[in-house]
Amino acid sequence: METAIKTYTLTDLGNSLKSVIEKTYKNQYWVVAEINKLNYYPHSGHAYPELVEKKDGKIVAQFRGQMWKNDFDAANKTFLDLLNEPIRDGIKVLMLVKVAFDGMYGLSLQIKAIDPKYSLGDLEAEKNLTLSKLKKEGIYENNKRKLLPLVPKRLAIISVESSKGYADFLQILEQSGGKYRFDLRLFPSILQGEQAVTGIQQQLREIAKLQNEFDAVAIIRGGGGDVGLSCYNNYELSRAVANFPLPVLTGIGHATNLTVTELVAYTNAITPTKLAELLLQHFKRFDEQVESAQERLKLLATNLLTENNRKIETNRKTLVSATKLFTAQLLVQLQRQSENFKANTGKHLQRNSAMLRDQQFKIRFSGEKTISNERGKLSFLAGQVAEKSVRKMEMQQQELAYLERTVAVLHPRSVLQRGFALVRGNGKIVTSVKKINSGQDLEIELFDGILQTKLIDKHENETD
């Protein structure tokens, strides 16, 4: 006879588990976990967070949590008071929980309270780890070594267009009344939470492609507590800022405990407003330097003109004195030369007159002789030219007569008189039997007339 199998309903099993759990886990426990997803429902005020534990980026434990409205409101108020941030996804928390079991919903952790101080400590640990890695890699100071222009006017802005911080930033820049002009281009991105890490990195990559168009990058975020800024301690984001090819300026809106991204940036300001004022200071400082240089140039020019005028006056006086002395000396020399010239002029004139008469006689005698000789040569040459011209004309006349006889012999009429004929076909002279066909009308020109005929047949000569 078979033994009857004892069976249980799900309710029986659930009630049994609930009884065991309530007896075993009577107390409340402080548990560390990460809120993977908050699952807050505003209409009821309750939250049902997914609680996880991660190791090497993988989830190794997971529980369903529940937090009733009163407990959630109290914990959220504590977060807001201490951190200026609400409870949200992605943060690590220290919770006071009670283990509970429900036959319908299973095992869960009822969250009674959350200690925000632990979350701050966890964020600080992440920050220290990121700083340690960047310094070990030797890139912590990289962005600070970049060169910021004296007047950084071409700015790539990473922010949200609707952000109050961005609006404050623009308002401060506009206070220059148009005296200073900035070329701004917005690269929108989420600025807090886990999505900010990927969003800001993506926009940095886009800006890097256009780096020649900008002088610097400004990351602008308005307000927020330390938990909201945890993304700026992220290693990947901080590394991207440290290695960025342009100076990175930050104004992410908080006054204490700088994030790693701010520490590795070229410079950081407490707020977007302060960052805008810092940029305006660059312009004002440049203006002051230009004005100071102008004043120095004016003073230098004035001193230089005064000194040059003094030197010119001194040189003028020296030149006048030297000119007077030189003129006096020159007059004395001229007087002496004039006296010498008068004394020597008579003697020179007598000698030159005698020489001139002698030269006139020689030229007259030599000219008459030369002319006589040249006339004789000219007569002889004229006779030779005339004789050669007569002989050349006789030869040319003989050649002309020969050419006339040759032309007369070769004239077509003379050729026809010797029995030759011209054959035409279609009005053109025929030079080959290959160019005419049987039955074609032909025209034969003889010495004394033209024959009209038709070709009956043709015979071509054989050629090799």
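Relevant structure appears above.
Residues numbered from 1 in each chain as written. Predicted model: local features only at pLDDT ≥ 70, side-chain atom pairs only at ≥ 80, totals over all residues. Heavy atoms only, no water.

Colleague: For this particular structure, what's the right way to read the packing of helix α5 (residues 194–209) against helix α6 (residues 235–242)?
Modeller: How two helices pack is summed up by the angle between their axes together with the distance between the axes. The interhelical angle for the contact between α5 and α6, taken along N-to-C directions, is 20°, at an axis separation of 9 Å. In terms of orientation, α5 lies roughly parallel with respect to α6. The element α5 and its partner α6 pack so that their crossing is left-handed. Only Glu-236, Leu-237, Ala-240 and Val-241 of α6 make contact with α5, whose side of the interface consists of Val-197, Ile-200, Gln-201 and Leu-204. Classifying every residue of the contact of α5 with α6 gives six nonpolar, one polar and one charged. (Axes fitted to C-alpha atoms, helices over the stretch in contact; angles between N-to-C directions. Helix = DSSP H or I, 4+ residues; strand = E, 2+ residues; numbered from the N terminus. Parallel < 35°, antiparallel > 145°, perpendicular 65-115°, else oblique. Left-handed = near helix turned anticlockwise from the far one by under 90°. Contact = heavy atoms within 4.5 Å. Nonpolar A, V, L, I, M, F, W, Y, C, P; charged D, E, K, R; others polar.)

Colleague: Explanation requested: a nonpolar patch on the surface in the structure shown.
Modeller: Side chains of Phe-326, Leu-330, Leu-331 and Leu-334 sit close together on the surface and give an oily, nonpolar patch of about 400 Å² of accessible area. On the secondary structure map, Leu-331 appears in helix α8 (residues 272–410). On the basis of relative accessibility, which here comes to 54%, the residue Leu-331 falls in the exposed class. (Patch = residues over 30% accessible without salt bridge, like charges linked within 9 Å, V, L, I, M, F, W, Y side chains within 5 Å. Areas by Shrake-Rupley, 256 points an atom, 1.4 Å probe, with all protein chains shown as cover. Salt bridge = Lys/Arg side-chain N within 4 Å of Asp/Glu carboxyl O. Buried < 20%, exposed > 50% of the residue type's maximum accessible area, 1.4 Å probe, protein only.)

Colleague: Can you walk me through the packing of helix α2 (residues 69–83) against helix α3 (residues 116–137) in this structure?
Modeller: Orientation of α2 relative to α3, taken along the N-to-C sense of each, is 50°, at an axis distance of 9 Å. By the angle between their axes, α2 is oblique relative to α3. Taken together, the residues of α3 that come into contact with α2 (itself represented by Thr-78, Phe-79, Leu-82 and Leu-83) are Pro-116, Lys-117, Ser-119 and Leu-120. Taken together, the residues of the contact of α2 with α3 sort by class into five nonpolar, two polar and one charged.

Colleague: Sorry if this is basic, but what is going on with the sheet that holds strand β9 (residues 248–251) here?
Modeller: Two pairing modes exist for strands in a sheet, parallel and antiparallel, and in both the strands are linked by backbone hydrogen bonds. Strand order in this open sheet of five strands is β7-β6-β8-β9-β10, and the pairing throughout is parallel. The open sheet has two edge strands with one neighbour each: β7 (183–188) and β10 (267–269). For this sheet the average axis-to-axis angle between neighbouring strands, irrespective of direction, equals 20°. Bridge count between strand β8 (residues 216–220) and β9: four bridges; the pairing is parallel. The residue of β9 that forms the bridge with Ala-218 is Leu-249. This element, α5, spans β6 (154–159), β7 and β8 of the sheet and lies at about 160° to β6. (Pairing = 2+ DSSP bridges.)

Colleague: Would you explain the environment of Asn-437 in this entry?
Modeller: With respect to the secondary-structure elements, Asn-437 resides in the loop between β12 (428–429) and β13 (441–445). With 20 residues separating them along the chain, Asn-437 and Asp-457 place their C-alpha atoms 8.2 Å apart. In this view, Asn-437 contacts Leu-455 and Lys-458; residues no more than four positions away in its chain are not counted.

Colleague: Which parts of the structure should I look at to understand the packing of aromatic side chains?
Modeller: Aromatic rings considered in pairs are described by the distance between their centres and by the relative angle of their planes. Counting across every chain of the model gives seven aromatic pairs. Look at Tyr-41 and Tyr-48: their rings are 5.9 Å apart centre to centre, the planes differ by 65°, and that puts the pair in the edge-to-face class. Tyr-41 gets classed as partly exposed once you look at its relative accessible area, which sits at 38%. For Tyr-48, a relative accessible area of 26% corresponds to the partly exposed category. Ring centres 4.6 Å apart and planes at 55° place the aromatic pair Phe-182 and Phe-283 in the tilted group. Placement of the pair is Phe-182 in the loop between α4 (164–174) and β7 and Phe-283 in helix α8, with a sequence separation of 101 residues. For the pair shown, Phe-182 and Phe-283 are each scored as buried. (Phe/Tyr/Trp six-rings, centres within 6.5 Å; stacked < 30°, edge-to-face > 60°.)

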